[in-house]
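Per-entry structural report
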There are 2 protein chains.
Amino acid sequence: MVLKRGIAVAYAPAAVGNVAVGFDLLGHAIEAPGDIVSVRHADHDRVVIDEITGVAGELPLLAEENSAGAALIAMREGLGLVGGFSVRIKKGIPLGSGMGGSGASAVAAVFAANDLLDEPLAVADLLPFALAGETAATGAAPIDNVGPQLLGGLRLAHPDGGTPIALPVPQDLQCVLIHPDCKIETRRSRAGLNENIPLTLVTRQSTLLAAFVSACHQGDIDLLSRSLRDVLIEPQRSVDIPGFADVQRAAMENSALGCSLSGSGPAVFAWCRRSDAKTVAAVMRAAFERSGLASSVYISAIDAPGARLLENDNNL
Amino acid sequence: MVLKRGIAVAYAPAAVGNVAVGFDLLGHAIEAPGDIVSVRHADHDRVVIDEITGVAGELPLLAEENSAGAALIAMREGLGLVGGFSVRIKKGIPLGSGMGGSGASAVAAVFAANDLLDEPLAVADLLPFALAGETAATGAAPIDNVGPQLLGGLRLAHPDGGTPIALPVPQDLQCVLIHPDCKIETRRSRAGLNENIPLTLVTRQSTLLAAFVSACHQGDIDLLSRSLRDVLIEPQRSVDIPGFADVQRAAMENSALGCSLSGSGPAVFAWCRRSDAKTVAAVMRAAFERSGLASSVYISAIDAPGARLLENDNNL
């Protein structure tokens, strides 16, 4: 397939992965923060990352090791593209935050590159390339982040690996996402999980998941709040996050419907009614402060949009 | 609470437990077969089982060991009832079939006894007593059978143990339930399951469950057929059922949407469109015959009603 000359710029949002009940299979987009990726047609036949700015940390410039670069390599190979890409990345999502930073860069990269195709693909068809990028960066390709970051909303992994299933989100709910100033590596955090789960615990978590999915479809806030819990992964991962129990308690005592880790943490999310969001955010922030951690707080719709093109790269 | 003098007779249906995707947490009622229990007020303060007829096998007459008797004992104690019960049971559900026989007797018993109360309870409030009966008989109290047998329909266990959640069933679907002439003890079958499940398998089965629940709410038959699968329990239990793979293949090659064990088996269920039900039933029966097993076949609505009172005990 032929590439158009020119440049395209795309934004992809952060995401809450797992959402307490759906380890590696459920996630939702967040309005902000997000990553911005600029993709320019190049006459060579490679993917070259020219620059990474923003909260970039120690991200690799080598395309094969960078989620945006690896996603574009997969896209070039998968579509047999003639021509290469020059890439600039502006990270808005802190590394190792549990907010889907590597997924956002991969999604924004393929979303922008799609705009340079003579015949752009349907957005959902970009998912395999974004997943390939995520795999290169994190060693795994859980679909929980990347699906909603590309397509928006609250999404379940599809049983056949196809387009993640959109779940309706009860109206009037918002997500508070708080990122304390400490870092957990996804790759390391994943390796530390128990590989085997007692069957009774599987049934318990499955009951929560099934009730949650049903509650979303019914718009049943009461059932949703009873089911938005993680008895499977949170007990293992939360011990590494200073003050987590205090933060969770503060959220739940202030009318949050559920509160757990975003992805592998340390970011923590809470779902709540719109009218409670500011209070929930404030008490969660105060709780992290009691553990000596500063934090960044984001309040977002749960049914937030996925990736989008930006007019130009002035923001980059 | 005071008991009225008299007699009440109730029917409770068989059920498909687990329904492939929801081990110990999902089930649905079947129109027939079912158990009929007659409960008569007695002046003593005990529960006495006078008779068990039908496909009774070797069921214990000792009330404490019988699911109907144990359920009534729990009900007498829980409600502080004055007076006892004389009980007759007509088993329509074969023992050890995987069709919820012990649950049906327990449900029919409490449903009938409720009619003898001065102020009958709401039907859902009978669930704990029926579960206590099931526990006495099988050593476990999975809610997957008993909830639908009492309340009807396709039901998910509630995360707090409350009234199981009714799931909508896409119209025009039926269940084929086939019981081959061989027996598996629930107690033994449960003990034989792996106690620990690999996390990757947990995620895979959870993806199927979540997609299934979503498909039911959306009425999405295609998604339902892609998700109605058991990668968790069926591989362990099906090896004890002669011809299972052949039966399942026959169903799926004849347009079944899904086919797996009912409860712990050996009964096998398939969901299919109404227009395919007779064909699916015939090919499943033929497949069991190829393994030398005669079988009984039942075709039912999936959204079948739960327990009901009978006019009298002429059928007993």
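Residues numbered from 1 in each chain as written. Chains lettered and ligands numbered in written order. Predicted model: local features only at pLDDT ≥ 70, side-chain atom pairs only at ≥ 80, totals over all residues. Heavy atoms only, no water.

**Here's the deal with the domain arrangement of chain A**
Residue and element names in this part refer to chain A. Along its sequence, chain A is organised into domain 1 (7-165 + 304-310) and domain 2 (168-301). Centre-to-centre, using C-alpha coordinates, domain 1 lies 24 Å away from domain 2. Facing 33 residues of domain 1, the contacting portion of domain 2 comprises 35 residues. Summed over both partners, the interface of domain 1 with domain 2 buries about 2500 Å², with 65% contributed by carbon and sulfur atoms. Where domain 1 packs against domain 2, one counts zero salt bridges. Where domain 1 meets domain 2, there are seven residue pairs in polar contact (both at pLDDT 80 or more). (Domains from an automatic or database assignment. Contact = heavy atoms within 4.5 Å. Buried area = accessible area lost by both parts, 1.4 Å probe. Salt bridge = Lys/Arg side-chain N within 4 Å of Asp/Glu carboxyl O. Polar contact = N/O pair within 3.5 Å; in protein donor to acceptor, adjacent residues only side chain to side chain.)

**Some remarks on the interface of chain B and chain A**
Reports of interface size often rely on the accessible area that becomes lost once the parts have come together. The interface is formed by 36 residues belonging to chain B together with 36 residues belonging to chain A. When the buried area of chain B at its contact with chain A is split by residue, Pro159(B), Leu199(B) and His217(B) rank highest and sum to 21% of it. Where chain B touches chain A, the interface holds four salt bridges. One salt bridge in this structure joins Asp160(B) and Arg226(A), with 2.6 Å as the shortest N-O distance. At the boundary of chain B and chain A, one finds 11 residue pairs in polar contact (both at pLDDT 80 or more). The biggest single contributor to the side of chain B that touches chain A is helix α6 (residues 199-218) of chain B, with 14 residues. Counted by class, the side of chain B that touches chain A contains 20 nonpolar, 10 polar and six charged residues. Sheet analysis places strand β8 (residues 196-198) of chain A next to strand β8 (residues 196-198) of chain B, joined by three bridges and oriented antiparallel. (Helix = DSSP H or I, 4+ residues; strand = E, 2+ residues; numbered from the N terminus. Nonpolar A, V, L, I, M, F, W, Y, C, P; charged D, E, K, R; others polar. Pairing = 2+ DSSP bridges.)

**Details of the pairing of strand β9 (residues 258-261) of chain B**
Residues and elements named next belong to chain B. The sheet contact formed by β9 and strand β10 (residues 268-273) spans four bridges and is antiparallel. Paired with leucine 261 across the two strands is valine 268, which belongs to β10. Hairpin remark: β9 followed by β10, antiparallel, with six residues in the connecting loop; positive phi at glycine 263, about 55 degrees.

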